[in-house]
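Coordinate analysis (summary)
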Amino acid sequence: MTEAAPSLIIHSPAGIVPVAAPVRKAAKRLKALGFAPEVDASALTRHQRFAGDDATRLNALHRVAEAAPDVALATRGGYGLTRLLDHLDWPLLARSVERGTAWVGYSDVTALQLAALAHGAAGPAQPGEGVSAGFWAGPMACDDFGRADSPEGGDDVTQECFVEAVTGKLEAVGFRTEQGFDGVEVSGRLWGGNLAVLQALLGTPHFPKVRNGILFLEDVNEHPYRVERALLQLHQAGILSQQKAIVLGAFTEYRKSPLDRGYTLKTAIAHLRSLTTTPILTGLPFGHVPTKVCLPVGRKVTLSVQARDAFMLW
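In this report, we go over the structure that sits alongside the text.

**Quick look at the overall build of the protein chain**
Across its full length, the protein chain carries nine helices and 13 strands. Taking 2.2 N^0.38 as the reference for a compact globule, 314 residues should give roughly 20 Å; the C-alpha atoms of the protein chain span a radius of gyration of 19 Å, in line with that estimate. With the C-alpha coordinates of the protein chain rotated into their principal frame, the extents come out at 55 × 45 × 40 Å. Sorting the 314 residues of the protein chain into buried and exposed places 54% on the buried side.

**A look at the packing of aromatic side chains**
Counted by the stated rule, this structure contains eight aromatic pairs. Each ring, one from Trp103 and one from Phe135, has its centre 6.0 Å from the other, and the planes form 10°; the classification is stacked. One end of the pair, Trp103, is in strand 4 (residues 102-105); the other, Phe135, is in strand 5 (residues 134-137), and 32 residues separate them in sequence. For the pair shown, Trp103 and Phe135 are each scored as buried. Look at Trp191 and Phe207: their rings are 5.6 Å apart centre to centre, the planes differ by 85°, and that puts the pair in the edge-to-face class. Residue Trp191 is located in strand 7 (residues 185-194), and its partner Phe207 is located in the loop between helix 7 (195-201) and strand 8 (214-220); the two are separated by 16 residues in the primary sequence. We classify Phe207 as buried; its relative accessible area is 8%.

**Here we look at the state of the cysteines**
Within the structure shown, the criterion is met by zero disulfides. Between Cys142, a cysteine without a disulfide, and Cys294, which holds the nearest cysteine sulfur, the sulfur-to-sulfur distance is 16 Å. Sulfur of Cys294: no disulfide; nearest cysteine sulfur belongs to Cys161 and is 4.6 Å away.

**Some points on the sheet that holds strand 10 (residues 280-282)**
Reading across the sheet, the seven strands line up as 6-13-12-7-8-9-10 and stay open at both edges, with mixed pairing between neighbours. Looking along the sheet, the strands with just one partner apiece sit at the ends: strand 6 (172-176) and strand 10. Averaged over neighbouring strand pairs, the angle between their axes works out to 30° when direction is ignored. Bridge count for strand 7 against strand 8 is five bridges, and the pairing is parallel. Paired with Gly193 across the two strands is Leu217, which belongs to strand 8.

**Concerning the nonpolar core**
Generally speaking, nonpolar side chains in soluble globular proteins are found buried as a group. One finds Trp103, Phe162, Leu217, Leu295 and Met312 to be the most contacted residues of the largest nonpolar core, which totals 98 residues. A per-element tally of this core places helix 4 (residues 110-118) first, with six residues.

**Comments concerning the sheet that holds strand 5**
Spatially, the six strands line up as an open sheet ordered 2-1-3-4-5-11, and their pairing is mixed. Edge positions in the sheet fall to strand 2 (36-39) and strand 11 (295-297), since each of these pairs with one other strand and no more. Ignoring strand direction, the axes of neighbouring strands in this sheet form an average angle of 25°. In this structure, strand 1 (residues 7-11) lies alongside strand 2, joined through four bridges in parallel fashion. Following the sheet pairing, Ser7 is matched in strand 2 by Ala36.

**A short note on the layout of surface pockets**
Taken as a whole, the largest pocket holds about 340 Å³ of empty space. For the largest pocket, the lining is made up of 19 residues, of which Thr75, Arg76, Gly77, Cys142 and Asp143 are closest to its centre. Looking at side-chain class alone, the lining of the largest pocket contains nine nonpolar, six polar and four charged residues.

Calculation criteria
- Every chain's residues receive numbers from 1 upward, in the order its sequence appears when written.
- For a predicted model such as this one, the threshold for reporting local features is a pLDDT of at least 70, and the threshold for listing and counting side-chain atom pairs is 80 or more; totals across whole chains, interfaces and linings nevertheless cover every residue.
- Hydrogens and water are ignored here; the side-chain numbers use all heavy atoms of the structure.
- Helix numbering and strand numbering both begin at the N terminus, where a helix is a DSSP run of H or I of at least 4 residues and a strand a DSSP run of E of at least 2.
- For a compact globule the rule gives 2.2 Å times the number of residues to the power 0.38, and the radius of gyration it is set against comes from C-alpha atoms.
- A 1.4 Å probe rolled over the protein chains alone gives each residue an accessible area, and that area as a share of the maximum for its type sets the label: buried under 20%, exposed over 50%, partly exposed in between.
- Pairing of aromatic side chains requires ring centres within 6.5 Å, counting the rings of Phe and Tyr and the six-membered ring of Trp. Pairs whose planes differ by under 30 degrees are stacked, by over 60 edge-to-face, and all others tilted.
- Here, the term disulfide refers to a pair of cysteine sulfur atoms separated by no more than 2.5 Å.
- Think of it this way: DSSP has to see at least two bridges between two strands before they count as a pair.
- As a rule, the C-alpha atoms of each element are fitted with a line to give its axis, helices using only the stretch in contact, and angles between N-to-C directions run from 0 to 180 degrees.
- We call a set of buried residues a nonpolar core when its members are Ala, Val, Leu, Ile, Met, Phe, Trp, Tyr or Cys and they connect through side-chain atoms within 4.5 Å of each other.
- Only protein atoms enter the 1 Å grid, on which a cavity is a set of points fitting a 1.4 Å probe that cannot get out and a pocket is an open set with protein on both sides within 12 Å along at least 5 of 7 lines, lining residues being those with an atom within 4 Å of a point.
- Grid points are joined across faces, edges and corners, and a volume is the space filled by probe spheres set on the points.
- In the scheme used here, Gly and all other residues not listed as nonpolar or charged are polar, with Ala, Val, Leu, Ile, Met, Phe, Trp, Tyr, Cys and Pro taken as nonpolar and Asp, Glu, Lys and Arg as charged.

Given below as structure tokens:
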């Protein structure tokens, strides 16, 4: 008997989708990868800079949660999810996870992932072997499966990692980090995502209270001084010292200034390292870059470093 293709719904919870072609290409590519994709009814709706007004996007999220597909894949980020957090039916989202849905996205989708963790809707920290349900920081339809400049719609490593993640086969990711962390081995609940979005949730009911966790971060269009300022706020709020480790992904597409005079992201990170004993690692292949891994938000992981080779296992 032939096994049914995993169901997948492409939805737009945040920013407007400027043109429909990437969504159509993503659906075609995902079908070729073995999924049974469908596009949510309001995925291409437009209202100001959003994929529909707040009520439209809220209804879409609830509609997807009620359908409980194997995979719920966001079209893109942008901005808009923070506007919905006070109104989301968190028990409904929790039930979708219980029924097997893997919610996938990054960037502005960080708001949904972290709020789900804060409201107990992200699933268990240790769901068992082969379970894909939960919230995954990972690729999105338009930019990772629907790119016009790529025959396959996006990076093949990113796509392969996604397939493994949402079919329960991904158990670890690896990357090269800087020297000086050989022998680090810590375990804790994995959480994080886009730094600016995470920072904006601080002090709200949607910010998860994670102690002894492993915090991963990325951002785009943020100068190193803005990255440092956000990290300093997390440090001064006591967040960094409560973690077992901080893992930094890609910080891209910012403009250097003639005022920097040797100030770089590297020197900003060095300053943060001087303030906390929590290890701060770099090199995680995640963020607004073509090649990105999938990371299980809310799951217990072990971070292990051998020489410069770092691994996260769950």
